[in-house]
Amino acid sequence: RLYVPEPLAPGARRIDGAGAHYLASVMRLKAGDPVKLFDDATGEWLAVVESAGRRDVTLDVRELLAPRERVPDLWLVAAPLKKGRVDWMAEKACELGVARFVPVVTRRTVVDRPNVDRLRAHMIEAAEQCGRTALPEVAEPVKLAALLRDWPDGRALYFADEQGGAPARAAMKPGAAAILIGPEGGFDDEERAAIRATPGAVPISLGPRILRADTAAAAAVAVWMAAAGD
Ligand code: SAM
């Protein structure tokens, strides 16, 4: 199963670069083998390999298998974390169905220049693996103050606060929403007050234990998806 950035249509499609390497060298596909492709525009297609070289694979795109999915209107807004933790968080957010990942820079954020291209690559890999036909958008990093100042009307901001809030399952309602997760060191008091004063903000608790930020992100997204029936 492979993502292609250009919209798909029936007919011949040439794949090169990493996609060709994956199909020919990793999956060892040969002429006649089936491949599933998706493009974040039309949906998922069945294709058949016509020729496979290490640098260049030609496919015959045949049939639309499924239209692009309906994406639940949930953003994950989270401080970038150290090492592989932010990659794990992005991967799980994609698997769980979020529409958008927004890296937010806070006072205690350790990594203030997250590698957005790498996060986008992780989203693609996760989408290929989990059967999504839409790619979550990865936004450019934004400072917390700017994020709160420009917060869109009508979008709930579920602020995961380990210092207390309404139980997440009871507080989360269907509708346009975002989940806000802090960095390893949490938000400071001033940030916490600014978030709580933002129209649409709803402080939520994920239980009595202090979760790692990446665990908190996956748990909060899963609870929202369950509450929204997605
Ligand atoms: N030091 C650990 C780490 O390295 O990840 C824990 C960090 S915790 C302070 C990071 C963020 O996870 C918090 O800012 C909050 O958004 C969220 N969080 C953790 N536990 C939570 C809980 N029980 N309820 C709500 N949010 C929680």
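Keep in mind that this is a model prediction, so the values were computed, not measured.

Caption draft 1: Spotlight on the UniProt feature "domain: Ribosomal RNA small subunit methyltransferase E PUA-like" (unreviewed entry) in the protein. The positions UniProt marks with the feature "domain: Ribosomal RNA small subunit methyltransferase E PUA-like" (unreviewed entry) are residues 15–60. A helix fraction of 22% and a strand fraction of 48% characterise residues 15–60, whose end C-alpha atoms lie 11 Å from each other.

Caption draft 2: Seen up close, the nonpolar core. If you look at the biggest cluster of nonpolar residues, it comprises 50 residues, and the most contacted ones within it are Y158, I179, A217, A220 and V221. In terms of residue count, helix α7 (residues 213–228) provides more of this core than any other element does, eight residues in total. If sequence neighbours within four positions are ignored, A220 has contacts with Y158, A160, A168, I179, I181 and L206. With 14 residues, the next largest nonpolar core counts L2, I15, V35 and A47 among its residues.

Caption draft 3: Summary view of the packing of helix α2 (residues 85–96) against helix α3 (residues 116–130). Look at α2 against α3: their axes get within 9 Å of each other, and the N-to-C directions meet at 40 degrees. In terms of orientation, α2 and α3 fall into the oblique class. Seen from above, α2 lies across α3 with right-handed handedness. In this structure, α2 contributes D87, A90, E91, C94 and E95 to the contact, and α3 contributes L119, H122, M123, A126, A127 and C130.

Caption draft 4: Quick peek at unusual backbone geometry. With a phi angle near 55 degrees, R28 is a residue other than glycine that sits in the positive phi range. Turning to its location among the elements, R28 is positioned in the loop between α1 (17–26) and β3 (34–38). Classification of R28 by C-beta neighbours within 10 Å gives exposed; the count is 9. With phi around 65 degrees, D40 is a residue other than glycine that occupies positive phi space. Relative to the elements of secondary structure, D40 occurs in the loop between β3 and β4 (43–52).

Caption draft 5: Main features of the sheet that holds β4. A sheet is described by the order of its strands in space; here five strands give the open sequence β1-β3-β4-β5-β2, paired in mixed fashion. For this open sheet the edge positions go to β1 (2–3) and β2 (11–16), each flanked by a neighbour on one side alone. Relative to β4, β3 runs antiparallel, the two being bridged by five bridges. Residue pairing across strands places L37 opposite W45, the latter belonging to β4.

Calculation notes
- Residues numbered from 1 in each chain as written.
- Predicted model: local features only at pLDDT ≥ 70, side-chain atom pairs only at ≥ 80, totals over all residues.
- UniProt positions renumbered as here; feature names shortened; annotations may be inferred.
- Helix = DSSP H or I, 4+ residues; strand = E, 2+ residues; numbered from the N terminus.
- Core = buried A, V, L, I, M, F, W, Y, C linked by C-beta atoms within 7 Å.
- Buried ≥ 20, exposed ≤ 12 C-beta atoms within 10 Å, placed from the backbone.
- Contact = placed C-beta atoms within 7 Å.
- Axes fitted to C-alpha atoms, helices over the stretch in contact; angles between N-to-C directions.
- Parallel < 35°, antiparallel > 145°, perpendicular 65-115°, else oblique.
- Left-handed = near helix turned anticlockwise from the far one by under 90°.
- Pairing = 2+ DSSP bridges.

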